[in-house]
Each structure stands twice: as C-alpha cells, then as structure tokens.
Amino acid sequence: MAAVAEALEESRVESHLHPEGSFEVADHTVPTGREEIWRFTPLKRLRGLHADAEFGATTTSCTWNSPGGVRVEEVDGEEARGLRGLSGLVPNTLFGARVLAEVPTTLLVDVPAEVEVDEPIVVELDGRSAEGTEAGHVALRFGNHAKAVVVLNHTGHAALAQVVEISVGDGAQVSVISLQDWADDTVHLTHHEATVGRDATYKHVAISFGGKTVRMDANVRYAGPGGDAEMLGLYFADEGQHIEHRLFVDHTAPRTRSHAVYKGALQGEGARTVWIGNVLIRKVAEGIETYEENRNLVLTDGCHADSVPNLEIETGEIEGAGHASATGRFDDEQLFYLRSRGVSEVEARRLVVHGFFNDLIRKVGVPALQERLMATVEDELAKNVLKDLGIPHDVLRSSRSAPSANNAEGTP
C-alpha cells in the first residue's frame, strides 16, 4: 500500500471540494465555521472533538465475532502505527490528524487475499458515557479477490472522534456498513476513507438514526482502473438532532465508477440534516462514470434540510457524470390516491414513508439488518408524525401486517 499512497500523493492537487491534508497536527488550524467543509456543522455542539478536546476517556467498549479465516483484534505499538494511512488518507481536518497521531491502539479487521467470508463481520461499539471525550481508529484491510461484509454498529452514549480506514484489494468484493444508532446525548465525529483497487467492488452504507450531533465524512479514491464504488445512505432526524453526511469521491484512475444514493427524513422542531456530495474527476480519469442523488422527506414543520451536490471535472473524456437533489413534504397526490382506495390516513402515511426508504434498504444486503431498519423507521414515525394523529404506539405496531409499501414511492 506504500506505493499506492505515494501514487495518490503525487496525483493530489488542490480542490475547493477537498483541501490538501497533512499528518502533522501543527499544520491544521481549529475550524471557525467559516471554512467550506465546516460551514454547515454546529461546532459548539461538537464538545471540542473538532479542536482540542482531550482524547482521554475510554467509555466505548468494542466486541466482535470472528468468522473463520479473518483476523479481528486490537493492535498497538509498531503494528498500529503501520496502519496509519492504510487507505491512502492524508488528514485534511485537525481531528483526523489528531486521531491518527494520538490514539495508541487500532482495531484491525484483516481479510486475507482470496478469502470469502460467508457471514457478516459485526463489530459492536457500545458507549457507556457521553461525559468524557474519546477517539478511535479502525482499519479494515481486504486482500486481493477477498469477499466480505463488515458491519460497524454504534450504540449507547459517547462523545467520539473516529477515523475508519478501508483498503480494498484488486478484484475484491466488499461491503462496509456503518450504523449510527446512538443514544440521544451522543456526539459522533467520524471520517471514513477508502481506497478501491483495480476491478474491485466496494459498497459503503451509512445509516444514521441516533445521536444528538452526528457528522460523517465518507471518501473514496481509486488505486487502479475498473474500480466500482456504490455509496448508500439512510438517515432520520428528530427534534433537535443534527445529522450530517459528506461524501468525496476522487476519481484518480481511468474507467472507474461511482454511484451515490442518500435518502433522509426529518421530523420535529429543530431537526436538521446536511448532505454534501463532492465528486472530483481528474485529468487521468478518462472513461469514468459517476452519479450522485440525494432525496429528503420533510414530515413536520420546523425542520431544515441542506443538500449540495458538486461536480468538478478536469477531463471531457468521460462516459457520464450527473447529480440530482430534492427536498419535499408528503406528496398529497399519493396520500389522496391511497385514501381514495380505502386506506386509512395512518396507513397511507406509513406506506409513503416506507416506500421512500424501502428500495434503498433492500440494497443493504444483510436481511437481518434490513428488518431492523424497517422497524426503526416505524419507531421513528411513531415519535411525531403518527403520534400527532392520536395513534397509540402499540396500535401502530399491530398495523404492520397491512399492505406492502414496496410500490408506494412510485404510486401515481
């Protein structure tokens, strides 16, 4: 990977979408909120994780399963230091540089070349207190032609700065699913960086339902031609929550592909979501194809959704590049259509929201997790939208056997 990192460093140029980085903490200044990459983030709510908060607490426990042929363990010393920059990451934020410089241990998930893992590798990160501030580094390494799914499940109470690095070998087929299902007092500032090898397939799924303030940066770059990255995201913000997802896809090799689809819903006073989709197509990236899409469904008054897709193209020799973004309320025509066919108002609203999320949830690829996500959407709806209609939560749950929502989004 040293050669890959060197090649990526040589190809890195300044871009307004993604500032140049440095491993040296002293090279980074504390954000003021006026910087492009911080202007949507409520810095006062981050408890100093973006600045000089002490990374001293160790309240988040980490457990995992260990499928055959896979190494999962916490490493320290020289081995841990050797994993810094595994993904080709050169931190462009102060918190990222601090995590790599200060955290003494790294959680390593290592899938050797040619190994096919039949079951998901599940890492449980469970926080016990949000009083202190802490940091963590996770390294996911997939060898050439490996096949695996890794689930990072974040729960409990925490104030966590985190860097997750992913190295996808040539020809590998990999899915990384990060679920932020934190308690309501949690602050989570995280950066995911992936390098995708030649002809490799990489799926990154970001799911954010819990937490007081959650910001995830998810970056992808390519170590060779033919790489394919699919980036999926689901989020549901409630009263007072801030959920922010930022993508940066850096097409650093020819004939690479990327496809990003993020969907979110908002409900309750002060619910805020931010989605920033950045794609940079470099001069060397001829024959690439990219598309990014973000959809937001505003369920109540008092919510705010920002959606900013960006494309920066340095060559015209591409197969295609595009983006789409939309934010709107319940579709009155869909509700009228369902009500006119005898569907109750409660069920009509459920069907519309389920239809909004359902096609994306089915792409997650882990059946047990997909069932959990649909149940979570149901629980989120019960907090505001359906509560306002006077429907008790137990009645709502008993109505889940009603008609399927599979086709609700496309209902005329």
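About the thresholds
Residues numbered from 1 in each chain as written. Predicted model: local features only at pLDDT ≥ 70, side-chain atom pairs only at ≥ 80, totals over all residues. Heavy atoms only, no water. 1 Å grid on protein atoms, 1.4 Å probe; cavity = no way out; pocket = protein on both sides within 12 Å on 5 of 7 lines; lining within 4 Å. Points joined across faces, edges and corners; volume = space filled by probe spheres on them. Helix = DSSP H or I, 4+ residues; strand = E, 2+ residues; numbered from the N terminus. Phe/Tyr/Trp six-rings, centres within 6.5 Å; stacked < 30°, edge-to-face > 60°. Buried < 20%, exposed > 50% of the residue type's maximum accessible area, 1.4 Å probe, protein only. pLDDT = per-residue confidence, 0-100. Contact = heavy atoms within 4.5 Å. Pairing = 2+ DSSP bridges. Axes fitted to C-alpha atoms, helices over the stretch in contact; angles between N-to-C directions. Core = buried A, V, L, I, M, F, W, Y, C linked by side-chain atoms within 4.5 Å. Salt bridge = Lys/Arg side-chain N within 4 Å of Asp/Glu carboxyl O.

For this particular structure, what's the right way to read empty space enclosed by the protein?
By rolling a water-sized probe across the atoms, one finds the places where empty space is left. Enumeration according to the criterion identifies four cavities of 30 Å³ or more in this entry. Its volume calculated, the largest cavity comes out at about 110 Å³. If you go around the largest cavity, you meet twelve residues; those closest to its centre are His18, Asp217, Asn219, Arg246 and Phe248. When residues of the lining of the largest cavity are traced back to their parent elements, those giving at least two are strand 11 (213-222) and strand 13 (242-251).

In this structure, what is going on with the packing of aromatic side chains? I would like to understand it.
For any pair of aromatic rings, the description rests on two quantities: the centre-to-centre distance and the angle between the ring planes. By the definition in use, this model includes three aromatic pairs. With a centroid separation of 6.1 Å and 25° between ring planes, the pair formed by Phe236 and Phe357 is classed as stacked. Pair noted here: Phe236 is in strand 12 (residues 228-237) and Phe357 is in helix 5 (residues 345-361), with a separation of 121 residues, a long-range link. The class for Phe236 is buried, based on a relative accessible area of 0%. Using a relative accessible area of 1% as the deciding quantity, one classes Phe357 as buried.

Just checking my understanding: could you explain the confidence of the model for the protein for this structure?
Low pLDDT means the predicted atomic positions in that stretch should not be read closely. When pLDDT is averaged along the protein, the result is 88, and 89% of the positions lie at 70 or above. Segment residues 7-13: pLDDT under 50, and 15 contacts once partners within four positions in sequence are set aside and those in other chains are kept. Below pLDDT 50 for its whole length, residues 395-412 participates in 36 contacts with residues either more than four positions away or in separate chains.

How should the sheet that holds strand 17 (residues 304-313) be read in this particular structure?
Sheet strands pair by backbone hydrogen bonding; their relative direction is either parallel or antiparallel. Read across the sheet, nine strands follow the order 2-3-5-7-9-11-13-15-17 without closing on themselves; strand pairing throughout is mixed. Whereas interior strands pair on both sides, the edge strands pair on one side only; in this sheet they are strand 2 (71-76) and strand 17. On average, adjacent strands in this sheet sit at an angle of 10° to one another, irrespective of strand direction. Relative to strand 13, strand 11 runs parallel, the two being bridged by nine bridges. Directly across from Asp217, in strand 13, lies its bridge partner Arg246.

What is the right way to read the nonpolar core from this model?
Within soluble globular proteins, side chains that are nonpolar generally end up buried alongside one another. Core analysis: the largest hydrophobic core is formed by 52 residues, its most contacted members being Ile121, Leu140, Phe142, Ile166 and Tyr202. If we skip the residues at most four places from it in the chain, Leu140 touches Leu86, Val109, Val150, Val164, Glu165, Ile166, Ser167 and Val176. In terms of nonpolar packing, the next biggest core, distinct from the first, is built from 32 residues, Phe209, Leu234, Val343 and Val353 among them.

Is there a simple way to think about the sheet that holds strand 10 (residues 201-208) in this case?
Here we have nine strands laid out as an open sheet, ordered 1-4-6-8-10-12-14-16-18, and mixed in their pairing. The sheet is open, and its two edges are formed by strand 1 (60-64) and strand 18 (320-328), each paired on a single side. Taken over all neighbouring pairs, the strand axes of this sheet differ in orientation by 10° on average, direction set aside. Relative to strand 14 (residues 257-266), strand 12 runs parallel, the two sharing ten bridges. Following the sheet pairing, Met231 is matched in strand 14 by Ala260. On the sheet, helix 6 (residues 367-383) packs against strand 6 (147-157), strand 8 (173-180), strand 10 and strand 12 and is oriented at approximately 25° with respect to strand 8.

Please clarify how the pattern of salt bridges should be interpreted in this entry.
Oppositely charged side chains can pair when the atoms bearing their charge come close. Throughout the structure, instances matching the rule amount to 19 salt bridges. Residues Glu116 and Lys147 are paired through a salt bridge, measuring 3.9 Å at the closest nitrogen-oxygen approach. In this pair, Glu116 is assigned in the loop between strand 3 (105-111) and strand 4 (121-128) and Lys147 in strand 6, connecting sequence segments 31 residues apart. Residue classification places Glu116 among the exposed positions, given a relative accessible area of 51%. Classification of Lys147 by relative accessible area gives partly exposed; the value is 32%. Connected via shared salt-bridge partners are Glu193, Arg221, Asp250 and Arg282.

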